[in-house]
Amino acid sequence: MAETSGVLTIDLDAIAANWASLRARHAGMGGGEVGAAVKADAYGLGAARVAPALAAAGCRHFFVAQLSEGMALRPALGPEPMIMVLNGFPPGADEEAGLIPVLNSPGDIAAWSGTGRDVLLHLDTGMARLGLTPAEAEALAADPSPLKGMRVRYVMTHLACADEPQNPMNATQAARFAALRARLPTAPFSFANSAGLFLGRDFASSLARPGCALYGINPTPGRPNPMRPVVRLSVPVLQVRDIPAGTPVGYGASWVAPRPSRIATVAAGYADGYLRSLSGRAIGRHNWQDVPLVGRVSMDLSTFDVTDHPAITPGSMIELIGPGNSADEVALQAGTIGYEVLTALGTRYRRAYTQTA
Ligand SMILES: *Cc1c(COP(=O)(O)O)cnc(C)c1O
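Bear in mind the structure is a predicted one, so any value in this text is a computation, not a measurement. Along each chain, residues carry numbers from 1 onward, in the same order as the chain's sequence is written. Whole-chain, interface and lining totals are the exception, using all residues; otherwise, since this is a predicted model, local features are given only for residues with pLDDT of at least 70 and side-chain atom pairs are given and counted only at 80 or more. Excluded from the side-chain calculation are hydrogens and water; included are all heavy atoms of the structure.

Helix numbers and strand numbers start at the N terminus; a helix is a DSSP run of H or I with at least 4 residues, a strand a run of E with at least 2. Each helix and strand counted, the protein has 9 helices and 19 strands in total. In terms of principal-axis extent, the alpha carbons of the protein reach across some 75 × 40 × 35 Å. The proportion of buried residues among the 357 residues of the protein is 51%. Pairs at least 24 apart in sequence give 63% of the contacts found in the protein among residues at least 6 apart. Method for areas: the Shrake-Rupley scheme with a 1.4 Å probe, in which residue coverage is limited to the protein chains shown. Only carbon and sulfur atoms are counted for the fraction: they give 54% of the accessible area of the protein, which is about 15,400 Å². Just so you know, the count uses Lys and Arg for positive and Asp and Glu for negative, and it drops His and the chain ends. Every charge is mapped onto a representative atom, which is NZ of Lys, CZ of Arg, CG of Asp or CD of Glu. Looking at charge distribution, the protein has the averaged site of its 29 positive side-chain charges lying 3 Å from that of its 29 negative ones. Exposure is judged per residue with a 1.4 Å probe applied to protein chains only, and the accessible area is read against the type maximum: over 50% gives exposed, under 20% gives buried, and values in between give partly exposed. Should any heavy atoms of two residues lie within 4.5 Å, those residues are counted as being in contact.

Given below as structure tokens:
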């Protein structure tokens, strides 16, 4: 029977290959290990499948945002890999899971002092978001005794503007990070995200933390994407109808057929992460050709003008995301970034993971 829901294909081999290429790149910069950001369910692609595929490729360091994500990941990864929780968590909350908290404040440090546990120490060098402020980091440098009774596995910071190589914030953050590290007790350090791995040797560290590039998002916006594509989303045409010129389509009657038209209705809407801001702006793909979306994106349905595509009939698939229409391109059409397109992907698609090994 024809598909009645969308099919989301996730290429685990491509994710593993992307990780290996970033590891080679980091080594070429003079850096050390490369971990993986698998927060937000591996950017919407399914951490329970993605993280083991990365572990099989050699990845040993995983970053999640929340405690619950780390707890869910531990059984999938087994006891060895490091699972670091960026938002932190209170001592004891991880039960026996052996998660590693990122300490983001003097209060976090006090809470974990004397526990004997492995921790990460996060310094804010320019985001004013999480991490020790420069003043708090200076105070800790002057008196590092609160760090007694725990093992700082990595001192980390996060780049605000890594996707803009010309932005002076990058060098500013690198300089602040180096200055603070030099005054704190010696520890390995963790610096670059995906885009940071394309900024050169000043951004190498003991442990890079790429996320988006693993999933095929371009870490070098404005330049050709060096990563392998990972995601393909195809949705079935439920109905095709012929309408005379002047017929409105969809909510708000926002699009009115300028000529006699064929309209294909597909099974994906904003509840599936096909963002409503794509209304009237997106393209789908069929047989390597662009198919324009017309009218508003509804909760469960979207409409495409297939007047020039007579081969499209009920049961045909229209590709919403794929090599010819990447998550970055869909994001551009929606006025957002590829990260949001991926993390918004809904739960109603049939998910197909491809993995050869
Ligand atoms: C999300 C995140 C990353 C990964 O960033 P990408 O831009 O997806 O590579 C790295 N470090 C921190 C602290 C993050 O929050």
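Per the UniProt record, "modified residue: N6-(pyridoxal phosphate)lysine" (unreviewed entry) is found at K39. Along the chain, K39 turns up in helix 2 (residues 39–43). Residue K39 is classed as partly exposed on the basis of its relative accessible area, which comes to 26%. With residues near it in sequence (within four places) discarded, K39 still touches F63, V64, A65, E69 and L86. UniProt positions are given in the numbering used here, feature names are shortened, and annotations may be inferred rather than shown by experiment.

Here the focus is the site of the ligand. One heavy atom within 4 Å of a molecule or strand makes the whole residue count as near it. Near the ligand you find 14 residues, and of these K39, Y43, S194, C212 and Y339 are the closest. One of the side-chain N or O atoms of Y43 is found 2.5 Å from an oxygen atom in the ligand. In isolation the ligand offers 390 Å² of accessible surface; the protein chains occlude 92% of this area. Three classes are used: nonpolar for Ala, Val, Leu, Ile, Met, Phe, Trp, Tyr, Cys and Pro, charged for Asp, Glu, Lys and Arg, and polar for all others, with Gly counted as polar. For the shell around the ligand, a count of residues per class yields 7 nonpolar, 4 polar and 3 charged. Pairing of N or O atoms within 3.5 Å defines a polar contact, subject to two protein rules: one partner must be a possible hydrogen donor and the other a possible acceptor, and residues neighboring in sequence count only if both atoms are side-chain atoms.

What follows concerns the packing of helix 1 (residues 12–28) against helix 3 (residues 47–57). Where helix 1 contacts helix 3, the two axes come as close as 9 Å, and the packing angle between them is 50°. Comparing their axes, helix 3 and helix 1 come out oblique. Taken as a pair, helix 1 and helix 3 cross one another with a handedness that is right-handed. On helix 3, the residues that touch L12, I15, A16 and W19 of helix 1 are R49, V50, A53, L54 and A57. Of the residues that constitute the contact of helix 1 with helix 3, the class distribution is 8 nonpolar, no polar and 1 charged. The angle between two axes is taken between their N-to-C directions and runs from 0 to 180 degrees, where each axis is a line fitted to C-alpha atoms and a helix contributes only its stretch in contact. Orientation is classified from the angle alone, with under 35 degrees giving roughly parallel, over 145 giving roughly antiparallel, 65 to 115 giving roughly perpendicular, and any other angle giving oblique. Here is the rule for handedness: rotate from the far helix to the near one, and if that takes an anticlockwise turn smaller than a right angle the crossing is left-handed, while a clockwise turn gives right-handed.

The next subject is the UniProt feature "domain: Alanine racemase C-terminal" (unreviewed entry) in the protein. Sequence positions flagged by UniProt for "domain: Alanine racemase C-terminal" (unreviewed entry) are, in local numbering, residues 230–354. Secondary structure content for residues 230–354 is 11% helix and 38% strand, and the end C-alpha separation is 10 Å.

Two strands qualify as a pair provided DSSP detects at least 2 bridges between them. Two elements, strand 15 (residues 283–286) and strand 16 (residues 289–294), share 4 bridges in a ladder whose sense is antiparallel. Considered in strand 16, the bridge of R285 is made with D290. Linking strand 15 to strand 16, which pair antiparallel, is a turn of 2 residues; within it N287 sits at a positive phi near 50°.

The next point concerns the packing of aromatic side chains. Note on ring pairs: Phe, Tyr and Trp rings are taken, using the six-membered ring of Trp, and paired if centres are within 6.5 Å. Classes follow the plane angle, with under 30 degrees stacked, over 60 edge-to-face and the rest tilted. The final tally for this structure, using the stated rule, is 6 aromatic pairs. Taking the centre distance of 5.3 Å and the plane angle of 90° together, the rings of F89 and W112 count as edge-to-face. Of this pair, F89 sits in the loop between strand 5 (82–85) and strand 6 (100–103) while W112 is found in helix 5 (residues 106–112), placing the two residues 23 residues apart along the sequence. When its relative accessible area of 8% is taken as the criterion, F89 is described as buried. The exposure class assigned to W112 is buried, which follows from its relative accessible area of 2%.

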